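Residue strings, one per chain:
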Amino acid sequence: MNKLVTIYGGSGFVGRYIARRMAKAGWRVRVACRRPNEALFVKSYGAVGQVEPVFCNIRDDASVRAAMMGADAAVNCVGTFARGGKNNFEAVQAEGAGRIARIATEQGVAQLVHISAIGADANGASLYAQSKGEGEAAVLEAFPTAMILRPSVVFGNEDGFFNRFGGMAVMGPILPLLGAGIRFQPVYVDDVAAAAAKGITGEAHGIYELGGPDAESLREIIGKMLTTIQRRRIVVNLPFFVGSALATVLDFASFCTGGLFPNKIVTRDQVTSLKSDSVVSPGAKTLADLGIKPTDFASVIPEYLWRYRPSGQYAAIKDSAKNLKKV
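Residues numbered from 1 in each chain as written. Predicted model: local features only at pLDDT ≥ 70, side-chain atom pairs only at ≥ 80, totals over all residues. Heavy atoms only, no water.

A. Geometry of the environment of Glu95. Checked against the element boundaries, Glu95 lands in helix α3 (residues 89-106). Between the alpha carbons of Glu95 and Ala25 there is a distance of 31 Å; along the sequence they are 70 residues apart. (Helix = DSSP H or I, 4+ residues; strand = E, 2+ residues; numbered from the N terminus.)

Structural data, given as structure tokens:
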């Protein structure tokens with residue numbers, strides 16, 4: 001019988017790529033998520049019955065245990081940017097991560113992969129970084145041989161990074177950036193999935209920081225994106241005090257509405273996070289140590305950012321038409 005991997009958050013951005021890879025490798029895949037009816041698309045990643053979405057709430061022991069029953073490996077891809085509510089930083093990224101690791105040990109699961117983030121630190125400046133750091137500590141305490149992956153900003157077709165800035169660029173001639181000088185090292189989502197697959201199969205353990213081939217400032221990265229979507233924009237660097245003021249107002253508005261209108265623009269904690277670079281640390285184990293060549297974002301984003309070009313999918317045709325000779 002083929003081996004089984006349970007992927008918590010397997011219908012999310014990173015999780016779905018891991019699920020697809022493991023299905024292609026012949027594994028049975030159990031995608032544990034809060035809304036399995038909205039994750040039916042994962043079934044197409046394998047043969048009939050090979051990939052199945054199941055309900056799971058990682059805040060509940062019994063739910064996590066049921067989803068892990070009989071698994072040979074487990075992956076935790078669950079994360080959040082929500083500071084408040086039931087699924088907050090502490091509940092999801094610290095307690096939830098520790099719960100998955102503890103139950104994996106109890107059930108004798110052979111391999112565990114935990115998706116964290118560059119900058120994870122229990123003593124970090126932001127609550128996000130703190131919860132990620134606490135989650136890593138809880139995972140290693142319960143499952144010392146776990147693989148922990150710390151990616152920089154992850155890009156790919158469904159990403160919330162380039163798609164977000166591409167959408168902003170369509171709205172007007174000015175593109176405001178908060179922390180334009182902060183450096184990022186965008187890593188391709190399928191490279192992250194390839195790294196996770198190494199941990200699932202037991203080929204690698206330990207902590208790895210994942211980044212692309214280039215570490216550049218946000219301004220430089222967005223400059224390349226603008227070239228890709230064929231738009232000229234005035235890039236304005238917003239001072240952090242402006243960002244903090246805006247985030248405070250938005251957070252307060254969300255609080256006053258009881259979370260009915262959550263702040264999806266920028267939170268105070270995100271402003272704090274943006275004050276630190278998100279690049280691979282010197283001496284850290286990386287994709288290269290896993291035998292994976294990192295993918296350059298400039299070679300991938302044209303495949304899905306065409307929707308933000310003035311001519312959309314017809315941009316290439318129009319460019320080609322310019323070269324036609326008049327008869």
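And the narrative resumes.
B. Main features of the nonpolar core. Grouped together as the largest cluster of nonpolar side chains are 63 residues, with contacts concentrated most on Val5, Ile18, Val29, Leu149, Phe162, Ile200 and Met225. With eight residues, helix α6 (residues 189-200) is the single largest residue contributor to this core. Setting aside residues no more than four positions away along its own chain, Val29 makes contact with Leu4, Val5, Ile7, Ala19, Met22, Ala23, Gln50, Val51 and Glu52. In terms of nonpolar packing, the next biggest core, distinct from the first, is built from 23 residues, Cys56, Ile100, Ile103 and Val139 among them. (Core = buried A, V, L, I, M, F, W, Y, C linked by side-chain atoms within 4.5 Å. Buried < 20%, exposed > 50% of the residue type's maximum accessible area, 1.4 Å probe, protein only. Contact = heavy atoms within 4.5 Å.)

C. Quick peek at unusual backbone geometry. Of note, the phi angle at Gln230 is positive, near 60°, even though the residue is not glycine. Relative to the helices and strands, Gln230 resides in the loop between α7 (218-228) and β13 (234-238).

D. Focus on the sheet that holds strand β5 (residues 111-115). With parallel pairing, seven strands are arranged side by side in an open sheet as β3-β2-β1-β4-β5-β6-β11. The open sheet has two free edges, formed respectively by β3 (51-55) and β11 (206-210), since each of these has just one partner strand. With direction set aside, neighbouring strand axes in the sheet form an average angle of 20°. Direction of pairing for strand β2 (residues 28-33) relative to β3: parallel, over a ladder of five bridges. (Pairing = 2+ DSSP bridges. Axes fitted to C-alpha atoms, helices over the stretch in contact; angles between N-to-C directions.)

E. Local environment of helix α8 (residues 240-256). The end-to-end C-alpha separation of α8 is 24 Å, in line with the 24 Å expected for 17 residues at 1.5 Å each. Along α8, the residues classified as buried are Gly243, Ala247, Asp251 and Ser254. Buried residues in α8, looked at end-on, bunch into an arc of 65°, giving them a common side. Turned more than 90 degrees from where α8 packs its buried face, Phe241, Val249, Phe252 and Cys256 sit exposed. Looking at the buried positions of α8, the neighbouring elements they touch are β8 (174-178) and α9 (268-273). Just downstream of α8 lies Gly258, where phi reads positive at about 65°. (Expected span 1.5 Å × (residues − 1). Arc of directions from axis to C-beta.)

F. A positive patch on the surface, seen in detail. Taken together, Arg34, Arg35, Arg59 and Lys86 make up a surface patch of like positive charges. Secondary-structure assignment places Lys86 in the loop between β4 (73-76) and α3. (Patch = residues over 30% accessible without salt bridge, like charges linked within 9 Å, V, L, I, M, F, W, Y side chains within 5 Å. Areas by Shrake-Rupley, 256 points an atom, 1.4 Å probe, with all protein chains shown as cover. Salt bridge = Lys/Arg side-chain N within 4 Å of Asp/Glu carboxyl O. Lys, Arg positive; Asp, Glu negative; His and termini not counted. Charge placed at Lys NZ, Arg CZ, Asp CG, Glu CD.)

G. Structural context of the packing of helix α5 (residues 162-171) against α7. At a minimum axis distance of 11 Å, the contact between α5 and α7 shows a crossing angle of 65°. One finds that α5 runs roughly perpendicular with respect to α7. Where α5 crosses over α7, the handedness of that crossing is right-handed. Contacts between α5 and α7 involve Phe162, Phe165, Gly166 and Ala169 from the former and Leu218, Ile221, Ile222, Met225 and Leu226 from the latter. When the residues that make up the contact of α5 with α7 are grouped by side-chain class, the tally is eight nonpolar, one polar and no charged. (Parallel < 35°, antiparallel > 145°, perpendicular 65-115°, else oblique. Left-handed = near helix turned anticlockwise from the far one by under 90°. Nonpolar A, V, L, I, M, F, W, Y, C, P; charged D, E, K, R; others polar.)

H. Highlighting the pattern of salt bridges. One pass over the structure, following the stated rule, counts 13 salt bridges. One salt bridge connects Arg99 with Asp61, and the closest N-O pair in it is separated by 2.6 Å. Of this pair, Arg99 sits in helix α3 while Asp61 sits in helix α2 (residues 61-68); the two residues are 38 residues apart in sequence, bridging distant segments of the chain. Its relative accessible area of 25% is what places Asp61 among the partly exposed residues. Arg150 serves as the salt-bridge partner of Glu209, at 3.3 Å between the closest nitrogen and oxygen. Of this pair, Glu209 sits in strand β11 while Arg150 is found in strand β6 (residues 147-151), placing the two residues 59 residues apart along the sequence.

I. Examining the side chain of Asn76 more closely. The topology assignment puts Asn76 in strand β4. Exposure remark for Asn76: the relative accessible area of 2% places this residue in the buried category. In this structure the side chain of Asn76 is engaged in a polar contact, spanning 3.1 Å, whose partner is the backbone nitrogen of Val78. A distance of 3.1 Å separates polar atoms of two side chains, one belonging to Asn76 and the other to His114. (Polar contact = N/O pair within 3.5 Å; in protein donor to acceptor, adjacent residues only side chain to side chain.)

J. Structural view of a nonpolar patch on the surface. A grouping of Ile174, Ile234 and Val236 is seen on the molecular surface, where their side chains present a nonpolar patch of about 260 Å² in accessible area. With respect to the helices, strands and loops of the structure, Val236 is situated in strand β13. A relative accessible area of 32% means that Val236 is categorised as partly exposed.

K. Layout of the pairing of β2. With five of its six residues buried, β2 lies for the most part within the structure. The pairing of strand β1 (residues 4-8) with β2 spans five bridges and is classified as parallel. From the neighbouring strand, Ile7 faces β2, where its bridge partner is Val31. Crossover β1 to β2 through helix α1 (residues 13-24) is right-handed. (Right-handed = clockwise from strand over helix to strand, strands pointing away.)

Functional significance is not addressed by these values, which are geometric in nature.
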